[in-house]
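# Breakdown of the fold
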Amino acid sequence: MALTLEQLNAAPAAEAAALLDGLYEHSPWIAGAALAQRPFRSLAHIKHAMVQVLAQAAPEQQLGLIRAHPELAGKAMVSKTLTAESTNEQDKAGLTDCTPEEFARIQQLNADYNARFGFPFILAVRGPRGTGLRKKEIIDTFARRLSNHPDFERAEALRNIHRIAEIRLNDKFGYEPVLGNDVWDWQEKLSAHTDPGYAELGQLTVTYLTDAHRACAQRISHWMRDCGFDEVEIDAVGNVVGRYHGATPSAKYLITGSHYDTVRNGGKYDGRLGIFVPMACVRELHRQHRRLPFGIEVVAFAEEEGQRYKATFLGSGALIGDFKQEWLDQKDADGITMREAMQHAGLCIDDIPRLQRDAARYLGFIEVHIEQGPVLNELDIPLGVVTSINGGVRYVCEMTGMASHAGTTPMDRRRDAALGVAELALYMEQRAAQDGDSVATIGMLQVPNGSINVVPGRCQFSMDMRAPTDPQRDAMAADVLAKLEEIARRRGLQYKAELSMKAAAAPSAPEWQRRWEAAVQALGVPLYRMPSGAGHDAMKLHEVMPQAMLFVRGLNSGISHNPLESSTADDMQLAVDAFTHVLNQLAQETA
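Right, let's walk through the structure included here. Since this is a predicted model, take the numbers as computed values, not measurements. (Residues numbered from 1 in each chain as written. Predicted model: local features only at pLDDT ≥ 70, side-chain atom pairs only at ≥ 80, totals over all residues. Heavy atoms only, no water.)

## Quick word on the pattern of salt bridges
In plain terms, the rule: By definition, a salt bridge exists where a carboxyl oxygen of Asp or Glu is found within 4 Å of a side-chain nitrogen of Lys or Arg. Under the DSSP-based scheme used, a helix requires at least four consecutive residues in state H or I and a strand at least two consecutive residues in state E, with every element numbered from the N terminus. Burial status follows relative accessibility: with a 1.4 Å probe on protein chains alone, a residue under 20% of its type maximum counts as buried, one over 50% as exposed, and anything between as partly exposed.
Counted according to the given criterion, the structure contains 45 salt bridges. Among the ionic pairs, D185 bridges to R129, the shortest N-O distance being 2.9 Å. Of this pair, D185 sits in helix α11 (residues 178–190) while R129 sits in the loop between α8 (100–117) and α9 (135–145), placing them 56 residues apart in sequence. According to the relative accessible area criterion, D185 is partly exposed, its value standing at 21%. We note a salt bridge from E153 to R145, for which the minimum N-O separation is 2.6 Å. Comparing E153 with R145, the two get one shared label, buried. The network of salt bridges with shared partners includes E423, K483, E486, R490 and R491.

## Let's talk about the nonpolar core
Generally speaking, nonpolar side chains in soluble globular proteins are found buried as a group. We count it as follows: Working definition of a nonpolar core: buried Ala, Val, Leu, Ile, Met, Phe, Trp, Tyr and Cys residues. They are joined through side-chain atoms within 4.5 Å. Contacts are residue-level and defined by heavy atoms, with any inter-residue pair within 4.5 Å sufficient.
In this structure, Y208, I220, M279, M338, M342 and W516 are the most contacted members of the largest nonpolar core, which totals 81 residues. If you tally residues by element for this core, the top one is helix α21 (residues 569–590), at eleven residues. Once residues lying within four places of it in the same chain are set aside, the contact partners of I220 are L190, V240, Y260, I275, F276, M279 and A300. Counting 50 residues, the second largest nonpolar core, distinct from the first, contains L3, V53, L63 and F142.

## Topic: the packing of α8 against α9
When two helices pack together, their arrangement is captured by the angle between the axes and the distance separating the axes. Where we set the bar: Under this scheme, a helix contributes an axis fitted over its contacting stretch, all axes are lines through C-alpha atoms, and angles between N-to-C directions fall in the 0 to 180 degree range. Relative orientations are named as follows: roughly parallel for angles under 35 degrees, roughly antiparallel for angles over 145 degrees, roughly perpendicular for angles from 65 to 115 degrees, and oblique for any other angle. Crossing handedness is defined as follows: a turn of the near helix away from the far one that is anticlockwise and smaller than a right angle gives a left-handed crossing, while the clockwise case is right-handed. For this classification, Asp, Glu, Lys and Arg are treated as charged, while Ala, Val, Leu, Ile, Met, Phe, Trp, Tyr, Cys and Pro are nonpolar and the rest, including Gly, are polar.
Between α8 and α9, the shortest axis-to-axis distance is 10 Å and the interhelical angle comes to 25°. Put simply, α8 runs roughly parallel to α9. Viewed along their axes, α8 and α9 form a crossing whose handedness is left-handed. Where α8 abuts α9, its residues E102, R105, I106, L109, N110, Y113 and F117 lie against K135, I139, F142, A143 and R145. Residue composition of the contact of α8 with α9, grouped by class: seven nonpolar, one polar and four charged.

## Quick notes on the environment of L347
Here L347 shows up in the loop between α15 (338–344) and β5 (362–370). A residue is classified by how much of its surface remains accessible, and L347, at 14% relative accessible area, is buried. For the pair L347 and D235, spaced 112 residues apart in the sequence, the C-alpha separation amounts to 7.4 Å. Those residues within four positions of L347 in sequence are excluded, and the remaining contacts are Y208, L209, D235, A236, V237, G238 and M342.

## Some points on the packing of aromatic side chains
Rules: Working definition: a ring pair exists when centres of Phe, Tyr or Trp rings (six-membered ring for Trp) sit within 6.5 Å. Plane angles under 30 degrees give stacked, over 60 give edge-to-face, the rest tilted. Here, a charge over a ring is recorded when the distance from Lys NZ or Arg CZ to the ring centre is within 6 Å and its angle to the ring normal is within 35 degrees.
The final tally for this structure, using the stated rule, is 13 aromatic pairs. Ring plane angle 75° and centroid distance 5.8 Å describe the contact between Y113 and F142, whose orientation is recorded as edge-to-face. Here Y113 is found in helix α8, whereas its partner F142 is found in helix α9, with 29 residues between them in sequence. The class for Y113 is buried, based on a relative accessible area of 0%. Under the relative-accessibility criterion, F142 is labelled buried at 0%. Look at F121 and F142: their rings are 3.8 Å apart centre to centre, the planes differ by 10°, and that puts the pair in the stacked class. In this pair, F121 is assigned in the loop between α8 and α9 and F142 in helix α9, connecting sequence segments 21 residues apart. Both residues of the pair, F121 and F142, belong to the buried class. R243 extends its terminal NZ or CZ atom over the ring of Y253, reaching a point 4.0 Å from the ring centre. For the cation-ring pair, R515 lies above W512, with the distance from its terminal atom to the ring centre recorded as 4.3 Å.

## So, unusual backbone geometry
Look at the link from R38 to P39: it is a cis peptide, with omega at 5°. Tracing the backbone shows P39 in the loop between α3 (29–34) and α4 (43–55). Unusually for a residue other than glycine, N265 sits at a positive phi of about 55°. Note that N265 resides in the loop between β3 (253–259) and α13 (273–287). A positive phi is found at H289, a non-glycine position, where the angle reads about 55°.

## Re helix α18 (residues 470–491)
Put simply, the rule reads: In this analysis, the expected span of each helix is defined as 1.5 Å times one less than the number of residues it contains. An arc is given here, and it is the one of the directions from the helix axis to the C-beta atoms.
With 22 residues, α18 should reach 32 Å at 1.5 Å per residue; the first-to-last C-alpha distance of 31 Å fits that figure. Inspection of α18 places R473, M476, A477, V480, L484, I487 and A488 among the buried residues, and these make up the whole buried set. Angularly, the buried residues of α18 cover 105° about the axis, an arc narrow enough to put them on a single face. Facing away from the buried side of α18 by more than 90 degrees, the exposed set consists of P471 and R489. Those residues of α18 that are buried lie in contact with β7 (391–400), α17 (417–435), β9 (439–441), β12 (458–467) and β13 (494–503). Within two residues after α18, G492 carries a phi angle of roughly 70°, on the positive side.

Geometric descriptors of this kind do not, in isolation, establish any biological role.
Shown next as structure tokens:
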């Protein structure tokens, strides 16, 4: 019979510790210490209590825990001396049924890993969905992590141990993240559609109005209908719009959603998580025959990434009346104009101006998004409340000096353009760090026609600077430009810096941020506030209505715009629960 929170909270200390036995391999002290935080409000509360215990433990204790774990497909498995929990996990991943070649490969990886790090390789082999990773995924992850820095890999081992404990705790309580699984499955199924040239490589790429993009729109629209939305349409720019009516015809709407296009060779969750989380919530309302005092409009935005055409936020921009007619004449790499692509897709270009929403008819905009960064992952926290979407500026630049012979030009006679940019890059790193939450990047850096034996006479580079507020961004940019001027003057160089983009910061509306905060706290997970360094569709809606965002932890250091982008069904379930809590808060406020 499954354990309950009530049982655990009421049990004497020794009995409670016994109920949680087996979560951490041969290390009952972790769950035992976490019991000091009783009464627990949720499974998520228990999980984080154990995270805190291990985070506060001595390094020797952490290392002891890692070493308590058996090798994957190792001697303990062969001799059948694994714990019952480990046997179950390795069996679900198929590791108890390896071919001789697979077994030999894993044994070699085990040896290489132990030689490099001094502890066994730890991987939550039941995976983000809890149903088991494929053997190829396990072997590929094993090989990839061999190149990690030892300190990072030690932390990664502990994160995987926490994931193992999370799944084991779910098993003890008979808990399954049903809605999180559904959200995870929707994203997996949608990733089957990918552009030609990438499909053959097993890569996910969905750019604006390709066949794969239009197939995604159709799939999303069908799922919306299955979820019980009252109206579903693909609009004049390719957004998929589902509307779930409120209790009265005059009810305002809450708008939410994110984008379904991807970068080239991207991940499955960027944008799409923010479509499927609210869809799951609407489906539950429909199943309960429940109407709220407001309607819900979920928009799967057609384009946010700007991969096929230089027109970012096209889908969300159209909703605020910011669709630029000159975009229609842009051409993609094959010479196809946006106008031609829209006509081929059967979109009615003349209807685009009608997409603009009347902000007075809306309560606001909220968006769920995978974090796309390492912060939540490193903190072992599943959700983060966004305080602001960073404002940014971008410059396209060139430094000019004098090309000369690398062997005959003395160091004090050189006018090296690349060294000038290198000095600037180091300054940008230092200057951004002064603010704590500002970031500055030279992402493009090249020496045109450079040669190994020539002092660089020209260097082309980019600058990208972002901060949570516009004044903070502008102060950093002013300092960087002043430093650029000073470096050029001192080194006898010349430069050009052309402003190519300037986007205002989008601070979260305080009342909407508070709703997210209340939802997170109600789930029993720690409240963590953070800025968003990436741009989102919420930035566009921010121009006409209040907005706020919720971040969901990513795996693999939170990497995004990359095939390794991932999250767990458990964290997705928490996002669904938080979204539902916001809906219920709003229903009480507007009743």
